[in-house]
Amino acid sequence: MTKLLLIVFFLGITGILYSQNSFKESIKDYDDICFCSVGLEHPKKILNMDNNLEILFGLKKGRTLKELDRLGVKFNQSQISLLEASGLIEVKDSLFHATVPILSKDETIELRKQTKDIAGNIIPRLQKEYELLIQTLKIKGLQSNSYSLFFAFVLDGIVWDILEQNGVIKETKITKEKPFWDGVMWMIEPKREFSCGTNSLSSGNLSISVIWSDNSGVSVLNYKMLRKMLNDYKENGRVTNPEVFKAFEGNELFDKKGNLQIPIIKADSTDVIYSQSKNIANVIVQYLNNNIDYSKVLANNPNIVKGQAITILYHEIMWDILGVMESTGEIKKPLAFGKPNEAKPADLKDLMFIVED
C-alpha cells in the first residue's frame, strides 16, 4: 500500500513538472503583435523583462496569485505591480487577468479560416481600383514599389486611419492614465510563415516609410542618416548633404544631382496615387463595417471588445489579402523579400516611399 502511494505521489510530481515545462515551451511558439502608441515603455520590452511573459500566460484565464504560484510560475510583487501599472494585467474580484488576448493554436486556426474567406470576398471588390493603381505606378515608373505601397500605404496605413477617423477603432494616445503605452496588443499561435512591417520617420509634414522583414536581403543600416536625408530633402527639395550621399549612394535612392528616386505622395485629392489608394482602403473599410458580425469573432474570448476584435481580425485579413493576391500573381514580393540572396543595395529603394501631409 505504501509503495502504491509513493508511485502515485511521484507520478503526480512528474505530471506537474511536465505540465510546467510544456507551459514554458509553448510560449516560444507565439507571435506578439502590438498596434499601439508607445510612451514610457513598449509593452514587448516590459514582457521581455525577467519572466513577465510567463506571468502573463499564467494569468490568461484569471487566477489568484496563490494559484499562479501553484502553477509553478515564479514572481515577486514588483513584477505584478509593473504589469498592473502598465495595463498588461488587471484585478477583477481578487483574480488577476491578462488584458492581452492570447489566442491558442486552435483559436488561431479557426480565426484564419474566417479571415481567409473574408479576404476572398474583399479582393474582387477592390480589383478595379487596385488595377488602376498599378497602371498609375507603371506609367510613373514606380511599379517596383507596388508591394510596399499596397502593403504599407494602403493596407497597413490608410485603412487604419479611416477606421480611427470613423471611431471604429480607438485612437491611441499616451496620457497620465496610460503613460506606458496605449492600443491593442495580442499573442497568437502559430506565427505566419511570412510577415513584414513598416518603420517611419517624420520631419514636419513629411514622413518616410521603409518596409522591412526579418528575412530581407537589404535594409536601412543607419536610420539617423535616413532622417538627415529627409530633412535635407525638406529644406532643399533634393539631397545635398555629402554624408547622406556617401551613406546611400549605393542604394540609388537619388540620382547624381540628389533628386529622389522613390515615390513621393501628397496626401490629398490632387495626387492620383493617394486618391486611388484611398479608394481601395474605402472598399475594405466598407466591408469591415457592413459585412461582419463581430459578436461571432473570437467568441471564446468574451473580454475582447469590438474595437479589439476589429483590430485583431483586420490584421489577419491584411495578410490574407496579400497572400491570396500573391498566389494568383496579382502582386509580387520585392526582390529583397522574395529572393533575399539575390538582393543588391539598390533594391532598397523598392521598399521606401515619402508621404507629404
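Asker: So what exactly am I meant to see when it comes to the packing of aromatic side chains here?
Answerer: Both the distance between ring centres and the angle between the ring planes are used here to describe each pair of aromatic rings. In the structure shown here, the tally under the stated rule is 10 aromatic pairs. The interplanar angle of 65° and the centroid separation of 5.0 Å between the aromatic rings of tyrosine 130 and phenylalanine 150 together place this pair among those described as edge-to-face. Here tyrosine 130 is found in helix α6 (residues 105–139), whereas its partner phenylalanine 150 is found in helix α7 (residues 146–165), with 20 residues between them in sequence. Neither tyrosine 130 nor phenylalanine 150 differs from the other in exposure class; each is buried. Put simply, the rings of Phe35, Trp160 and Tyr314 pair up and form one aromatic cluster. Lying across the ring of phenylalanine 194, lysine 333 places its NZ or CZ 4.5 Å from the centre.

Asker: What exactly am I supposed to notice about unusual backbone geometry here?
Answerer: Glycine aside, a negative phi is what most residues show, and trans is what most peptide bonds show. Cis rather than trans, the peptide bond between glutamate 189 and proline 190 has omega equal to 5°. Of note, proline 190 is situated in the loop between β5 (181–188) and β6 (197–203). Phi is positive for aspartate 50, which is not a glycine, with a value near 50°. With respect to the element layout, aspartate 50 can be found in the loop between α2 (43–47) and α3 (52–58). The class of aspartate 50 is exposed, set by a relative accessible area of 69%. Phi at glutamate 252 takes a positive value of approximately 55°, unusual for a residue other than glycine. Along the chain, glutamate 252 turns up in the loop between α9 (242–248) and β8 (264–266).

Asker: Hey, could you run me through the sheet that holds β5 in this one?
Answerer: Strand order across the open sheet formed by 3 strands is β1-β5-β4, with mixed pairing between neighbours. This sheet does not close on itself; its edge strands, each paired only once, are β1 (31–38) and β4 (102–103). Across 2 bridges, the pairing between β4 and β5 is parallel. Within β5, the residue paired with isoleucine 102 across the bridge is methionine 187.

The rules behind these values
Residues numbered from 1 in each chain as written. Predicted model: local features only at pLDDT ≥ 70, side-chain atom pairs only at ≥ 80, totals over all residues. Heavy atoms only, no water. Phe/Tyr/Trp six-rings, centres within 6.5 Å; stacked < 30°, edge-to-face > 60°. Helix = DSSP H or I, 4+ residues; strand = E, 2+ residues; numbered from the N terminus. Buried < 20%, exposed > 50% of the residue type's maximum accessible area, 1.4 Å probe, protein only. Lys NZ or Arg CZ within 6 Å of the ring centre and 35° of its normal. Pairing = 2+ DSSP bridges.

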